[in-house]
Amino acid sequence: MSAPTSSRATFCCEACDTPLIKRTSRLQHRHLRSDIWVCPNPVCGASYAGISELTSIASPSGIPDAPSCELPPTPAYQRALLQMAWKLDHRHPG
């Protein structure tokens, strides 16, 4: 029996290469979660612990009055902000 495939990125078991399933996820603080991943292969049954962390903002919210994000921008987002500012400063009247 083969494991179901998905277009989502996932981890695979180190022992049997079966895609892992996230069993639990606990919020540690606003930008950090502790995760437990388990192997669904009944012969293997390995489990793994890890963390999921938000480290930066890739694009802003589309909500007009959304609060600002305390995370730093990604380099691509920072570059886009600087390009927009440059274009506004160098507009030609007309």
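Rules used in this analysis
- Residues numbered from 1 in each chain as written.
- Predicted model: local features only at pLDDT ≥ 70, side-chain atom pairs only at ≥ 80, totals over all residues.
- Heavy atoms only, no water.
- Helix = DSSP H or I, 4+ residues; strand = E, 2+ residues; numbered from the N terminus.
- Buried < 20%, exposed > 50% of the residue type's maximum accessible area, 1.4 Å probe, protein only.
- Pairing = 2+ DSSP bridges.

Trainee: What is the right way to look at unusual backbone geometry in this model?
Mentor: When glycine is set aside, most residues are seen to have a negative phi, and most peptide bonds are trans. A positive phi angle, close to 65 degrees, is found at D17, a residue other than glycine. By the element assignment, D17 lies in the segment before β1 (21-29). Relative accessible area serves as the criterion here: at 57%, D17 is assigned to the exposed category.

Trainee: Looking at this model, I keep getting lost on the pairing of strand β2 (residues 32-38). Mind explaining?
Mentor: For a regular strand, side-chain orientation follows a simple rule: the groups alternate between the two sheet faces. Of the strand pairs in this sheet, β1 and β2 are connected by seven bridges, and their pairing is antiparallel. When the bridges of β2 are listed, T24 appears paired with I36. What sits between β1 and β2 in their antiparallel hairpin is a turn of two residues. Taken together, the seven bridges between β2 and strand β3 (residues 47-53) define a ladder with antiparallel strand orientation. Residue pairing in the sheet places L32 in a bridge with E53 of β3.

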